[in-house]
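Per-entry structural report
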Amino acid sequence: MITARRRNTELGLIVLGAVITAAIYTLASLGTTADLPADIGPFLGVVLALLLGAHVATRRLAPAGDGVLLPLAGLLNGLGYVWIARLDENLAALQATWTAVGVTAFVATLVVVRRSRDLERYRYTFMLIGVGLLLMPLLPVLGKTVNGARIWVGLGPVSFQPGEFAKIILAIFFASYLVEKREVLGMGANRLGPLTLPELRHFGPVLVAWAASLVVMTAQRDLGSSLLFFALFVVMLWVATERASYLAVSALLFAAGAFAAWSLFSHVQERISVWLDPWVDASGQGYQVAQAAFALAWGGVAGTGPGLGSPDRIPLVETDFIFAAIGEELGLFGAAAVLVTYMLMIGTGLRIAVRAQVPFNKLLAAGLTAILGIQSFIIIGGVIRLVPLTGITLPFVSYGGSSLIANYVLLALLIRISDDSAQAEADAGGAARSLAGTGRR
Amino acid sequence: MPESLLAILKLCALALLYLFFLRVLQAVWAEVRAPSMAAAPGVVEAPVRAPARREARSSTKLAVVEPPELKGRTYGLAEELTVGRAAGCQVTLEDSYASQLHARIFARDGTFYVEDLGSTNGTFLNSEKVTAPVAMKRGDRLRIGSTVMELTG
């Protein structure tokens, strides 16, 4: 019953989302070339085919899984594609390929992970893989430095960012580790005002995570990922133990690390000074952030219209700054729509976590949702100058194969968890009913 | 193409976008409301066929639904019993949101009633606060503190 409703909701939303994407794609083409796009038919066909493929796979493989996540992700993916296509045709062709690979990865994840609990068993394997992926770009031959950050790995003709996959693998590891240790880590020993402090040695894991994220920051010069990993661990630790003192101590550690990074590294100082005032050097260091501010201001409330702005002035607009491009051409309404989409996804993720009966599933769903939330906050906050800019992709929207594929895997895991919970609920209900039947005879 | 037409089309596209969110919210709302509805069909399918009193008493149980760690634990119902955190209660809950002596469950004419004993956080039958003794039927959900139990059997 709930199964059919969820799947039909999903189908309806996917069709609506594809129509919206095609409409905005058409508008962008009208804006840039004053002509209808030649390929609008095939475009709508491909968008529908990809998402419906994922939908059919969900019907088969996770029939009771959540029904709104996939359409929301598809909408973000579609919006992102429209702007990538409007900015750079070559990248658009690649992004289309990445989307196809991403949807395939989504289906493959559902095929391979039949029960999310199975992931719990391989925790130390996941830990090794996760840490390995995280440190892979530091290897002498494989690692590559692009735009100052050493986060790429080249294997023959294929280059990818292993960190994008590491975040999911590490979330799985954290979840299984914390499920086992949460009672110990949650025990209070001392009290400090309103906070119950766990024993000092239980802060060990926090220190390890902190040190690891410092390594990522200094060796790979990747501020965004560094922050994401640390925040992910702390949030999951907090959810597992319900001890706010971990949040407080982590915030202090973060402040100390941030201050140290600021005093030691010129690239961090640069980011901070651009954040505080991009106009001092608006044609130099502050150029990117300043142009993004112009773009958002120019967009106003309703935007210039797709294809009618000039977001191509912003460096790296297809990846880190795509939010500014959408904000310029769809205005506050469009930018808010992107935010609403993320909020709906995060809300759905947290609902999945609340509904999950198995502690491991609960924590994993919370962790995966945290990744989505933290990551979109870090980059959107950076673009609108709420926080210092740390280059990281906007999930599902930015150009980038690794990011897109990893996020589709993340989505599949969330849907798998919600399917598990719904199945278990249905089983429990069925069992209770049949018990009632035998009792009555 | 005139710019005003493009602007109108753009606003239409934005309107569609928010229509999409509205549909998502509708779907979410339907699900959030679902749990209380989901319990109902079980009751409809298994109507109480006025079984003999004694039998009803011996086979009716409270099955723990939440928290998940205790899921599956059942408490057999008797003529009268008390629920709470105190060790003297027939149903002892290790639940910091439950009061020491939280509620009383008793049978009258083959029907079980629940009564709140002035607990701090209240007793809820199917999310409705119990203020006076209220009759329970099969499939009802009783929430005491953070523990949810379903009447089965």
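Residues numbered from 1 in each chain as written. Chains lettered and ligands numbered in written order. Predicted model: local features only at pLDDT ≥ 70, side-chain atom pairs only at ≥ 80, totals over all residues. Heavy atoms only, no water.

**As for the environment of A:Leu76**
All names here are of chain A. Relative to the assigned elements, Leu 76 resides in helix H3 (residues 69-87). Separated by 36 residues in sequence, Leu 76 and Ile 40 have C-alpha atoms that sit 19 Å apart. Filtering out sequence-adjacent residues up to four positions away, Leu 76 remains in contact with Val 338, Thr 341, Tyr 342, Met 345, Pro 395, Phe 396 and Val 397. (Helix = DSSP H or I, 4+ residues; strand = E, 2+ residues; numbered from the N terminus. Contact = heavy atoms within 4.5 Å.)

**Notes on the packing of helix H6 (residues 162-186) of chain A against helix H8 (residues 223-241) of chain A**
All names here are of chain A. Between H6 and H8, whose axes approach to 9 Å, the crossing angle comes to 30°. The orientation of H6 relative to H8 falls into the category roughly parallel. For the crossing formed where H6 meets H8, the hand is right-handed. Between H6, through Gly 163, Ala 166, Lys 167, Leu 170, Ala 171, Phe 174, Ala 175, Leu 178, Arg 182, Leu 185 and Gly 186, and H8, the contact on the second element is made entirely by Leu 228, Phe 229, Leu 232, Phe 233, Met 236, Leu 237, Ala 240 and Thr 241. Of the residues assigned to the contact of H6 with H8, the class counts are 14 nonpolar, three polar and two charged. (Axes fitted to C-alpha atoms, helices over the stretch in contact; angles between N-to-C directions. Parallel < 35°, antiparallel > 145°, perpendicular 65-115°, else oblique. Left-handed = near helix turned anticlockwise from the far one by under 90°. Nonpolar A, V, L, I, M, F, W, Y, C, P; charged D, E, K, R; others polar.)

**Concerning the pairing of strand E6 (residues 111-116) of chain B**
All names here are of chain B. Across six bridges, the pairing between strand E5 (residues 103-108) and E6 is antiparallel. Residue Ala 107 lies in a different strand from E6, and its bridge partner there is Phe 112. Joining the antiparallel neighbours E5 and E6 is a turn of two residues, in which Asp 109 adopts a positive phi near 55°. Judged from the three bridges that link them, E6 and strand E9 (residues 134-136) form a sheet pairing that is antiparallel. Across the sheet, Phe 112 pairs through a bridge with Met 136, a residue of E9. (Pairing = 2+ DSSP bridges.)

**Focus on the domain arrangement of chain A**
Residues and elements named next belong to chain A. Considered domain by domain, chain A is made up of domain 1 (1-112 + 265-441) and domain 2 (120-259). Placing the centre of domain 1 and that of domain 2 at their C-alpha centroids yields a distance of 24 Å. Between domain 1 and domain 2, the buried area comes to about 2,500 Å², and carbon and sulfur atoms account for 80% of it. Counting every contact that joins domain 1 to domain 2 gives zero salt bridges. Our count for the contact surface shared by domain 1 and domain 2 stands at three residue pairs in polar contact (both at pLDDT 80 or more). Residue assignment for the side of domain 1 that touches domain 2 shows that the elements contributing at least two residues are helix H10 (266-276), helix H13 (359-383) and helix H14 (401-440). Among the elements that make up the side of domain 1 that touches domain 2, the one with the highest residue count is H13 (twelve residues). Taken together, the residues that form the side of domain 1 that touches domain 2 break down as 19 nonpolar, nine polar and one charged. (Domains from an automatic or database assignment. Buried area = accessible area lost by both parts, 1.4 Å probe. Salt bridge = Lys/Arg side-chain N within 4 Å of Asp/Glu carboxyl O. Polar contact = N/O pair within 3.5 Å; in protein donor to acceptor, adjacent residues only side chain to side chain.)

**Quick word on the pairing of strand E1 (residues 143-146) of chain A**
Residues and elements named next belong to chain A. Summarising the sheet, E1 and strand E2 (residues 149-155) pair through three bridges and their orientation is antiparallel. Looking across to E2, one finds that Val 146 is bridged to Ala 149. Between E1 and E2, which follow one another and run antiparallel, lie two residues, and Asn 147 among them has a positive phi close to 55°.

**Description of the interface of chain A and chain B**
The figure often quoted for interface size is the accessible area lost as the parts come together. Taken residue by residue, the interface counts 38 residues in chain A and 31 residues in chain B. The junction of chain A with chain B conceals about 3,300 Å² of combined surface from both sides, 74% of it contributed by carbon and sulfur atoms. Viewed at the interface, chain B and chain A are joined by two salt bridges. With a closest N to O distance of 3.5 Å, A:Arg351 and B:Glu31 form a salt bridge. Elements that contribute at least two residues to the side of chain A that touches chain B include exactly helix H1 (2-33), H3, helix H12 (322-355) and H14 of chain A.

**So, a nonpolar patch on the surface**
Side chains of A:Val301, A:Leu332, A:Phe333, B:Leu11 and B:Tyr18 sit close together on the surface and give an oily, nonpolar patch of about 450 Å² of accessible area. Contributing elements (two or more residues each) for the nonpolar patch: H12 of chain A together with helix H1 (3-45) of chain B. Within the secondary structure layout, B:Tyr18 lies in helix H1. (Patch = residues over 30% accessible without salt bridge, like charges linked within 9 Å, V, L, I, M, F, W, Y side chains within 5 Å. Areas by Shrake-Rupley, 256 points an atom, 1.4 Å probe, with all protein chains shown as cover.)

**Focus: empty space enclosed by the protein**
All chains considered together, the criterion is met by four cavities of 30 Å³ or more. In this structure, the largest cavity encloses a volume near 100 Å³. As for the largest cavity, its lining consists of A:Arg6, A:Asp66, A:Arg351, A:Ile352, A:Arg355, A:Ser418, A:Ser421, A:Ala422, A:Glu425 and B:Glu31. Looking at the lining of the largest cavity element by element, the count peaks at four residues for H14(A). Among the residues making up the lining of the largest cavity, the classes are represented as two nonpolar, two polar and six charged. (1 Å grid on protein atoms, 1.4 Å probe; cavity = no way out; pocket = protein on both sides within 12 Å on 5 of 7 lines; lining within 4 Å. Points joined across faces, edges and corners; volume = space filled by probe spheres on them.)

**A word on the packing of helix H9 (residues 244-264) of chain A against H10(A)**
Residues and elements named next belong to chain A. As a packed pair, H9 and H10 sit with axes 6 Å apart at the nearest point and diverge in direction by 105°. As judged from the angle between their axes, H9 and H10 are roughly perpendicular. Contacts from Ala 261, Trp 262, Ser 263 and Leu 264 in H9 reach Ser 266, Val 268, Gln 269 and Ile 272 in H10.

**Quick notes on the sheet that holds strand E8 (residues 128-129) of chain B**
Two strands in a sheet stick together by hydrogen bonds in their backbones, pointing the same way (parallel) or opposite ways (antiparallel). All names here are of chain B. In spatial order, the strands read E2-E1-E11-E10-E7-E8; together these six strands make up an open sheet with antiparallel pairing. In the strand order of this sheet, the two ends are held by strand E2 (74-76) and E8, each with one partner. Note: strand E1 (residues 61-66) against strand E11 (residues 147-152), five bridges, orientation antiparallel. Bridging across to E11, Leu 62 finds its partner in Leu 151.

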